[in-house]
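# Fold and contact review
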Amino acid sequence: MATLKKGKTYLYLNGRIIGFVEDPQKFVNEVRTARRKGVISGEVNVAYIAKLNVVNINTDRGRVRKPYIIIENMAPKLTKDLLEKLKSKEINFNYLVRNGIIEYLDAEEEENALVAFTEHDITDQTTHLEVDIASIFGFTINTSPFPEHNSLARHAMLANFTKQAEGLYATNFNQRFDSRAYLLFYPQVPAVTTTAYDSTNIKNHPSGQNFVVALSTYYGYNMADAIVLNRAAVDRGLGRSIFYKTYSDEERRYPGGQRDRFKIPAPTAEGYMGENVYSKLSDDGIIEPEMQIQEGEALIGKVAPPRFLEENIGAGGLEEKVRDDSTVLKTGEKGTVDSVILTESTGATKIVKIRIRSLKIPENGDKFASRHGQKGVVALLVPPEDMPFTAEGIIPDLLLNPHSIPTRLTFGHLLEMLAGKASALNGAPLDGTAFTDKGTDRLEQYGKILNNYGFEQNGNEVLYDGITGIPFKAQVFTGVVYYNRLYHMVSNKIQVRSRGKVQILTHQPTEGKARQGALRFGEMERDALIGYGASLLLKERLLDQSDKTEVLICKECGSFGYYDHIKKVNVCPLCKSSSFSEVEISYAFKVLLDEIKALHILPSVKLNE
Amino acid sequence: MAKTLDKDKEKYMVQYGEPVGMIAAQSVGEPGTQMILRSFHLAGIESTISTSGLPRIVELVDAKKKPATPVTYIYLNKSISKSFDKADEMQKKINEVVMSNITRRTIENFTKGTIRFLFNRQELELEGLSPKQVATRLEKHLEVDAKAEDEKSVTVHMHTKNLKLIRATTVKILKSVISGIEGAGKVMIRKDEKTDEFYLVAAGSNMEGIINVDGIDKSRITTNDIFSVYRLFGVEAARNALAMELKKTLDEQKISVNQRHLYLISDAMTASGTPKGVGRHGLSGEKNSVFARAAYEETVKHLIHAAAYGEVDPMKGVTENILVGKQIPIGTGSVRLTIKKEDMAKIKSKKD
């Protein structure tokens, strides 16, 4: 490798050293000038890192790049003249890039740039100007109104909630067979939009609705991120959505000419689940559209050849031995068969896809979130007559606890309430793009609109208690907020068990929702009970409610015995004695002793009377 | 007064069957989880950066033979402790200087049979040594013919041309202690602002060596090396030192744990007469029950040992009773009948 000569700077191309530069700053400037002139590609980025004495040229793929307006002699190159031409569509954005007015910088070259947010911030040090100051946020944050008034932690949460929001995810949802899909009824475009809504297609794919929100408590039902919904609004379709789930199966072929067959299994099939399970299948073994279906009922009837070859050999009978391999609706699910398609795979086997649809009406435990990282779980659906109402008779859709605001620093939420209200009265969406107040007072602007329509300019309302009819002593801040319904719903998650399935090996309860499992009483929970000295409770949890078994232990040799059902006596397989003690132990301990025996160690159990 | 205290004594005593060990473990373990998250260092303020936080707790609980950063606090006799000169003198006496610390270069001349040690003169000056002193020290302790021929080196004449012997001697000399006490490490002088006293801080833990130096207050010397305390003062002192070190480490992170728990841990660790860790080579590895040991670590080893020696599990502990599904002998389960029912009847009949 070449060695560094004094007064020279390493030159790297895509991370590989290619030589040295004598005057790095001059070199970098030359490359940039050439790029702006169009002599070299606009995709080339160059950065001089003085600290490491290195010049990096990057031309490879995978760099995130962002456009900036170039500044020369303290003036942006994008002049008013050019802006006019841009507006009249005489020129386009690409023209600006090609002519060195706007250039793309990557992360490394940004280190050499001093970017001004607005034209007023330009100093003699400034090299670039933001195309739009809102672009310092990403796309997701820019869908939120007034993000500059929210804390960064809430922005991070918003980015997560946006992914989870239900909406119109695709206009061809009817033709799609997604394994899971959620669709919101009557999705709305927000009352307070941002430029992100105009510059992309998301107005055609909205994922929420405008809720009338009152910042009020309701008998403690909306403590700690719980929300209270108006039942009348829910009944009229607020937050209502549909859940699609697709089940599919295939007629597989096996070596030896055997294959699966779609049909209603005969009662002789191995693993036959009973007549009721298959009652909704038609003759071809596949369910019909628009059938109501419950958990445990078959969607696709299928018989498969036996798992092990020898089972068929020697059977000799005319009838082929088969195994039931039907697809059954999972526990806790129900719905209507929305659509059934029958098609062929590339391997020329038959494929069935069945889409189940189920209605999800907001209920206690469902999750909602506004565009300010403010999430909440429905805790109560209040009948409209018990909800607070305004003098006009407006009943809020949602009651949000005022304690959610100050500690989370989401003042954008309050601004959106006000702006949403103003926009609803005005009948036109308002703009809430980041940093667009331009010195004007937003509160004043929205207050004026509210005043024009005869509302309090600060958004407060006199609310009347729905139960007593008496006005509340304090006025309540009321407005319109765009809420997303997130896809976490109790009906998909709820699971209970008191007794149920156990594992074969250990006789202990199964784990997980899909297996009707129990909740694990883990090591730390065990420690807590020991620490409390609750020895009988611990025994109950770990033995009586788990893998208790009764075993026979030989009094002579201390090994396990068994009961001989023919001779009707207890037998010890080792010493043939017949005096036994019946002992309660955990099945896991029996397994342990059995496995120790498998290691050629003979354990024996000594018992005290 | 004594009576009331005596009466109340029982009220404050731990009840029979209380799982104190589990409670101690939970009481230390829970705040310990927070410690991982807040493991910051106060760099630079204390020049002896000692291990702290979770690594230090682990080190103590595992009863490591030597701490990663040993420190000894040496206080001087009250009569001399306020004089800096005396403290400086003591520092020179104790501060461990190893030959390799002050040597810049070693030149072995195999044809002449000499080894020449060129000193780093700054280091030499800092330690207050001269080549002559080094030479006499080497002659005295290693019985070699050492001569200080100029102001920057010492030459050792081997009077032999045996290569192996010369090389071995070089290594030996480089490792040898020129001044101070072996294992004392670097010693620094500190001033206690409250009492105006000077004291010494040594980055080593040879308390056995240091304590015999004249002018040291033998009652106040402390170290963070538990085994050094154990060797010099015995188990009881080691127990105290252990509890104190645990407390100090937790206090540094502003975690408050009741000292009873720390004393219980220290008690358990020192109960056998020597400090033992809680891990598989210590307390857990010495449990009575085969199952309890097998359930912790090295399952197969314990099972095979049990099989080979015909061990019997007395089923007296917690783990093994949970394993088989018996009521554990702790808390409400610690109550047992000591008299059989039939025997009870006999006692009654006697009274009648």
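In case you missed it, the structure is sitting above this.
Just so it is clear, the model here is predicted, and its values are computed rather than measured.

The next subject is the sheet that holds strand β10 (residues 180-184) of chain A. Residue and element names in this part refer to chain A. On the basis of which strands lie adjacent, the open sheet formed by 5 strands has the order β10-β14-β22-β21-β16 and antiparallel pairing. Both outer strands of the open sheet, β10 and β16 (292-293), are each paired with one neighbouring strand and no more. Both strand β21 (residues 335-344) and strand β22 (residues 350-360) contribute to a ladder of 8 bridges, which runs antiparallel. Paired with valine 337 across the strands is isoleucine 356, a residue of β22.

The next subject is helix α6 (residues 152-164) of chain A. All names here are of chain A. With 13 residues, α6 should cover 18 Å at 1.5 Å per step; its first-to-last C-alpha distance of 19 Å lies within 8% of that length. Listed as buried for α6 are Arg154, His155, Leu158, Phe161 and Gln164. The buried residues of α6 occupy an angular sector of 170° when the element is viewed end-on, so they sit on one face. In α6, the exposed residues that point more than 90 degrees away from the buried face are Leu152, Ala153 and Lys163. Tucked inside the fold, the buried residues of α6 contact α5 (139-142), β23 (367-370), β24 (375-382) and β28 (476-485).

All names here are of chain A. Positioned with a positive phi, phenylalanine 146 is a non-glycine residue whose angle comes to about 50°. Structurally, phenylalanine 146 is set in the loop between α5 and α6. Its relative accessible area of 0% is what places phenylalanine 146 among the buried residues. Despite not being glycine, tyrosine 186 shows a phi value in the positive range, around 45°. Residue placement: tyrosine 186 occurs in the loop between β10 and β11 (192-193). A relative accessible area of 61% means that tyrosine 186 is categorised as exposed.

This part covers the pattern of salt bridges. Residues and elements named next belong to chain B. Tallied over the entire structure, the rule returns 44 salt bridges over all chains. One salt bridge connects arginine 56 with glutamate 59, and the closest N-O pair in it is separated by 2.4 Å. Pair noted here: arginine 56 and glutamate 59 are both in helix α3 (residues 54-61), with a separation of 3 residues, about one helical turn. With relative accessibility at 4%, the residue arginine 56 sits in the buried group. Judged by relative accessible area, glutamate 59 falls into the buried class, the value being 11%.

What follows is about the state of the cysteines. Residues and elements named next belong to chain A. By the definition in use, this model includes 0 disulfides over all chains. Here cysteine 557 stays unpaired: no disulfide links it, and the sulfur of cysteine 572, its closest cysteine neighbor, is 3.5 Å away. Accessibility expressed as a relative area gives 26% for cysteine 557, which makes it partly exposed. On the basis of relative accessible area, cysteine 572 is assigned to the buried category, the value being 0%.

Residues and elements named next belong to chain B. Assignment of secondary structure puts isoleucine 166 in helix α8 (residues 163-175). Given a relative accessible area of 0%, isoleucine 166 falls into the buried group. With 110 residues separating them in the primary sequence, isoleucine 166 and lysine 276 have C-alpha atoms 43 Å apart. Excluding residues within four positions of it along the chain, isoleucine 166 makes contact with Glu108, Phe110, Gly113, Ile115, Met158, Thr160 and Lys161.

All names here are of chain B. Position of arginine 137 relative to the elements: it lies in helix α7 (residues 131-142). Once the C-alpha coordinates of arginine 137 and isoleucine 178 are considered, the two residues, 41 residues apart in sequence, prove to be 6.4 Å apart. Residues contacting arginine 137, with those up to four places away along its chain left out, are Leu142, Val177, Ile178 and Ser179.

Now for the side chain of B:Asn321. Tracing the chain through its elements places B:Asn321 in helix α15 (residues 318-324). Side-chain polar atoms of B:Asn321 contact the backbone oxygen of B:Met315, separated by 3.3 Å.

The next thing to look at is the nonpolar core. Residues B:Ile74, B:Ile94, B:Leu200, B:Ile210, B:Ile216, B:Leu246 and B:Leu250 are the most contacted members of the largest nonpolar core, which totals 37 residues. Secondary-structure elements contributing two or more residues to this core are α2 (20-37), α3, α4 (84-94), β9 (197-202), α9 (207-210), α10 (226-233), α11 (235-252) and α12 (259-270) of chain B. At 5 residues, α11(B) tops the list of elements feeding residues into this core. With residues up to four places along the chain from it excluded, the contact list for B:Ile216 reads B:Ile74, B:Tyr75, B:Leu76, B:Asn77, B:Met90, B:Ile94 and B:Ile210. In this structure, A:Phe211, A:Leu229, A:Ala233 and A:Phe455 belong to the second largest nonpolar core, which totals 28 residues.

With that settled, consider the interface of chain B and chain A. As a measure of interface size, the accessible area lost when the parts come together is often cited. Counting residues at the interface gives 21 residues for chain B, matched by 23 residues for chain A. With both sides pooled, the region where chain B packs onto chain A buries about 1,700 Å², and carbon together with sulfur makes up 73% of that total. On the surface where chain B and chain A come into contact, there are 0 salt bridges. Elements with a contribution of two residues or more to the side of chain B that touches chain A: α2, α14 (299-309) and α15 of chain B.

Scoring rules and cut-offs
Residues numbered from 1 in each chain as written. Chains lettered and ligands numbered in written order. Predicted model: local features only at pLDDT ≥ 70, side-chain atom pairs only at ≥ 80, totals over all residues. Heavy atoms only, no water. Pairing = 2+ DSSP bridges. Helix = DSSP H or I, 4+ residues; strand = E, 2+ residues; numbered from the N terminus. Expected span 1.5 Å × (residues − 1). Buried < 20%, exposed > 50% of the residue type's maximum accessible area, 1.4 Å probe, protein only. Arc of directions from axis to C-beta. Contact = heavy atoms within 4.5 Å. Salt bridge = Lys/Arg side-chain N within 4 Å of Asp/Glu carboxyl O. Disulfide = S-S within 2.5 Å. Polar contact = N/O pair within 3.5 Å; in protein donor to acceptor, adjacent residues only side chain to side chain. Core = buried A, V, L, I, M, F, W, Y, C linked by side-chain atoms within 4.5 Å. Buried area = accessible area lost by both parts, 1.4 Å probe.

Purely geometric stuff here, so don't read any function into it on its own.
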